[in-house]
Amino acid sequence: METEGTISLLVQLIQNKCVNPPGNEMTSIKTIQKYLQEHDIESQVFESAPNRGNLIASIPGTENGPKLMFGPSHVDVVPVENPDDWEVEPFSGVVKDEYVWGRGALDMLYIVVTQIQAFIKLHQENFKPRGDLILLIVADEEAGGIYGAEWMLKNQPELVQTDYLVTEAGGLFLAPGKFVVMIGEKGGAWKRISFKGTPGHGSMPYGSDNAAAKAAQAITQITRYCDSKMPITTEYLGYLAQGMGLGFVQRLMLTNRRFLSFSLKNLKKRDPQMARVIHGLSRMTMSPNIVHGGTKVNVIPAKAYIDVDIRTLPKQDDEYVVDQLKKALGPLAEEATIKSLTAEEGGFTSYGNASDVSSEFVDAMEKAVQKEVPGSKLVPFIMPAVSDCRFFRESGVQAYGFSLFDPETPMSHLSELAHGTDERVSIKTIDLSQKAYYNLARIFLGK
Ligand SMILES: [Zn+2]
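### Considerations on the coordination of the zinc ion
Within the protein, the atoms that donate to the zinc ion are His74 (NE2), Asp107 (OD), Glu168 (OE) and Glu168 (OE), at distances of 1.8 to 2.8 Å. Of note is the zinc ion, whose four donor atoms meet at the metal with angles of 50 to 144 degrees in an arrangement that counts as irregular. Counting the intervening residues between successive donors of the zinc ion yields the motif H-x32-D-x60-E. Pair noted here: Asp107 is in helix H3 (residues 105-124) and Glu168 is in the loop between strand S7 (164-167) and strand S8 (173-175), with a separation of 61 residues, a long-range link. Here Asp107 and Glu168 have matching classes, each one buried.

What follows is the structure in C-alpha cells.
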C-alpha cells in the first residue's frame, strides 16, 4: 500500500496546526476533502460552528450487512506547552530517523491518514462491502467533542449510524506478539469537596477550627484510600493476564485481590508506568489535584475546598463515587460538602463504558493483525481516559480502539509522547496501521 502519500498528508495535517482551543479544524477538513477528491472520492462536509468541521464519506454496502466505520477520527490536537524542549519545531512535520515528528502525530493524526489511505485503496479496488464502510473525520475531540462526534450524532444521526467502529488508542505493542485492543474506557466524575471552619487570628491557633487543615487531612486520606483501600475489580486485569498468556503464578499475582497490592508495590520499582496502568485498570481512582483555602496569612481560614479528579470503571455510577469518597474521608465526611464540578468550573462527568470482549468482529480485528504479524494476539484493555467512543457506545455501537504499532514502540514510550514533548510516529507504524484497517474491512465486510 502506498506510504508516501500517507506521510505527506500527515505532514500537511501537522502543519495545519489545528490546536484546540480554538481548533479551526476546517483547515484540515478541507485538506482531506481535496485529497479524497484527487482520488475520485466525494465526501460531505458539515460545519458545526464557524471554522469547525466534520467530514464523512462512504462505500455503500451491497447487502444488508453490518456497517463498519473508520473513525470518528479527530484532526484537532492539544497545545504545545514547551516548544523549546522539542528536538524539532512542533508543527513542522519533519520526517527524520524513520519517524514523522510533530504535535498530533500520535494523537491521532496517524490514524486519520492511515484510515483515509485504506479507504482510498478499497475504493480504487472497487471493493463491494456487504454493509456500508463509513469514513468519519471530526473536530473537537480534545475539548469534549461538542462540535465533533457529538454534533454529528445529534445533527446527522442517519449518516453516522453504524454497528461497529474502529478509532484511536489501540494497537499498542505490549509484548512480543501481543497488541492492545481498547474495548472500553473509564468515565470521569470530578468532584469538589468543601470544608468550613471558624475564622480566627493566626497568632493564636491553639484548638482552632481550621478549614484548610481539614482539606489537607482529606487529601492525605483520599490519596491513601485510592492507593490501597479502594475496592478492586479484577475483570479487566483478568483479560490482560489471559491475553498476555501469563503463567499461573503471575496471573494469580495480578488477578487475586489479596496479592494485587503486593504485586503493584513491586512493579512500581521496576516499571512505574505499568504499575500506574494496572492500578487504574483495577479500580476507580481519585486524585485530589486542586486545593484552595484561606485569604490572608494571619487569618485562620473559614473555607477551603479540594477538587478531585475521579475516574470510574464501567458500571460505577455516581452513588458509588460518593459512597467511596465518604469511606475515604471517614469521620471527616460529616464535615464535608461533596458536589459535582459544573462545566463552568472545569468539571466533567461521564460514565465508563465497554464493548464486547469477544465477537465475530473482535476475531476479524485479530485476523487483520495476524496478516501482518503472524501468530499475534489482541489483548483487551480499558482506557484510563475518555474518547469520542463513549458517544457511540451510548447509542449501542460496538466501538474499539484499534490500529497496529511497530514493536519498536513500547507502550510506556507512547504514553509519554502523546500530548508530550517530541510527539512522533514511526513510518513502520503508519505502514502497519493502514494495512490493518484495509485487512479489517476486507475480512469483516468482504464476501
Ligand atoms: Zn485523541
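### A short note on a nonpolar patch on the surface
Together, Phe248, Val249, Leu252 and Phe259 make up an exposed nonpolar region whose accessible area comes to about 390 Å². Ranked by residues supplied to the nonpolar patch, first place goes to helix H7 (residues 248-255) with three residues. With respect to the secondary-structure elements, Val249 resides in helix H7. The exposure class of Val249 is exposed, given its relative accessible area of 58%.

### Quick look at the nonpolar core
By size, the foremost hydrophobic cluster in this structure holds 96 residues, and its most contacted members are Phe70, Ile116, Met365 and Leu440. The contact partners of Leu440, leaving out residues within four places of it in the chain, are Leu68, Val166, Phe361, Ala364, Met365, Ala368, Phe402 and Leu445. Of all hydrophobic cores here, the second largest spans 22 residues; its members include Ala215, Ala218, Ile306 and Leu329.

### Quick notes on helix H5 (residues 211-229)
Spanning 19 residues, H5 covers 25 Å between terminal C-alpha atoms, matching the ideal 27 Å at 1.5 Å per step. What H5 keeps buried is the set Ala211, Lys214, Ala215, Ala218, Ile222, Tyr225 and Cys226. Viewed along the axis of H5, the buried residues span an arc of 95 degrees, placing them on a single side of the element. The inward-facing, buried residues of H5 abut strand S11 (191-196), helix H9 (272-281), strand S13 (285-293), strand S15 (303-312) and helix H10 (318-329).

### Things to note about unusual backbone geometry
Residue Gly71 is joined to Pro72 through a cis peptide bond whose omega torsion reads 5 degrees. Following the sequence through the fold, Pro72 ends up in strand S3 (residues 68-74). Of note, Asp40 is a non-glycine position whose phi angle comes to about 60 degrees, a positive value.

### Focus on the domain arrangement of the protein chain
Per the domain assignment, the segments of the protein chain are domain 1 (4-176 + 353-445) and domain 2 (187-350). Put simply, the middle of domain 1 and the middle of domain 2, counted by C-alpha atoms, are 33 Å apart. Interface of domain 1 and domain 2: buried area, both sides summed, is about 1200 Å²; carbon and sulfur atoms make up 79% of it. Ranking the residues of domain 1 by area buried against domain 2 places Phe381, Ile382 and Val386 at the top, with a combined share of 33%. Viewed at the interface, domain 2 and domain 1 are joined by zero salt bridges. Across the domain 1-domain 2 interface, the total number found is zero residue pairs in polar contact (both at pLDDT 80 or more). Elements with a contribution of two residues or more to the side of domain 1 that touches domain 2: S8, strand S18 (353-354), strand S19 (377-383) and helix H13 (411-417).

### A few points about the packing of helix H1 (residues 4-16) against H3
Between H1 and H3, the shortest axis-to-axis distance is 9 Å and the interhelical angle comes to 140 degrees. Classified by the interaxial angle, the pair formed by H1 and H3 is oblique. Between H1 and H3 lies a crossing whose hand is right-handed. On H3, the residues that touch Gly5, Thr6, Leu9, Leu10, Leu13 and Ile14 of H1 are Ala105, Leu109, Tyr110, Val112, Val113, Thr114, Ile116 and Gln117. Residue classes in the contact of H1 with H3 are distributed as ten nonpolar, four polar and no charged.

Cut-offs used in this document
Residues numbered from 1 in each chain as written. Predicted model: local features only at pLDDT ≥ 70, side-chain atom pairs only at ≥ 80, totals over all residues. Heavy atoms only, no water. Donors = N, O, S within 2.8 Å, 3.2 Å for Na, K, Ca; no water. Tetrahedral: all angles 85-135°; square planar, octahedral: opposite > 155°, others 65-115°. Helix = DSSP H or I, 4+ residues; strand = E, 2+ residues; numbered from the N terminus. Buried < 20%, exposed > 50% of the residue type's maximum accessible area, 1.4 Å probe, protein only. Patch = residues over 30% accessible without salt bridge, like charges linked within 9 Å, V, L, I, M, F, W, Y side chains within 5 Å. Areas by Shrake-Rupley, 256 points an atom, 1.4 Å probe, with all protein chains shown as cover. Salt bridge = Lys/Arg side-chain N within 4 Å of Asp/Glu carboxyl O. Core = buried A, V, L, I, M, F, W, Y, C linked by side-chain atoms within 4.5 Å. Contact = heavy atoms within 4.5 Å. Expected span 1.5 Å × (residues − 1). Arc of directions from axis to C-beta. Domains from an automatic or database assignment. Buried area = accessible area lost by both parts, 1.4 Å probe. Polar contact = N/O pair within 3.5 Å; in protein donor to acceptor, adjacent residues only side chain to side chain. Axes fitted to C-alpha atoms, helices over the stretch in contact; angles between N-to-C directions. Parallel < 35°, antiparallel > 145°, perpendicular 65-115°, else oblique. Left-handed = near helix turned anticlockwise from the far one by under 90°. Nonpolar A, V, L, I, M, F, W, Y, C, P; charged D, E, K, R; others polar.

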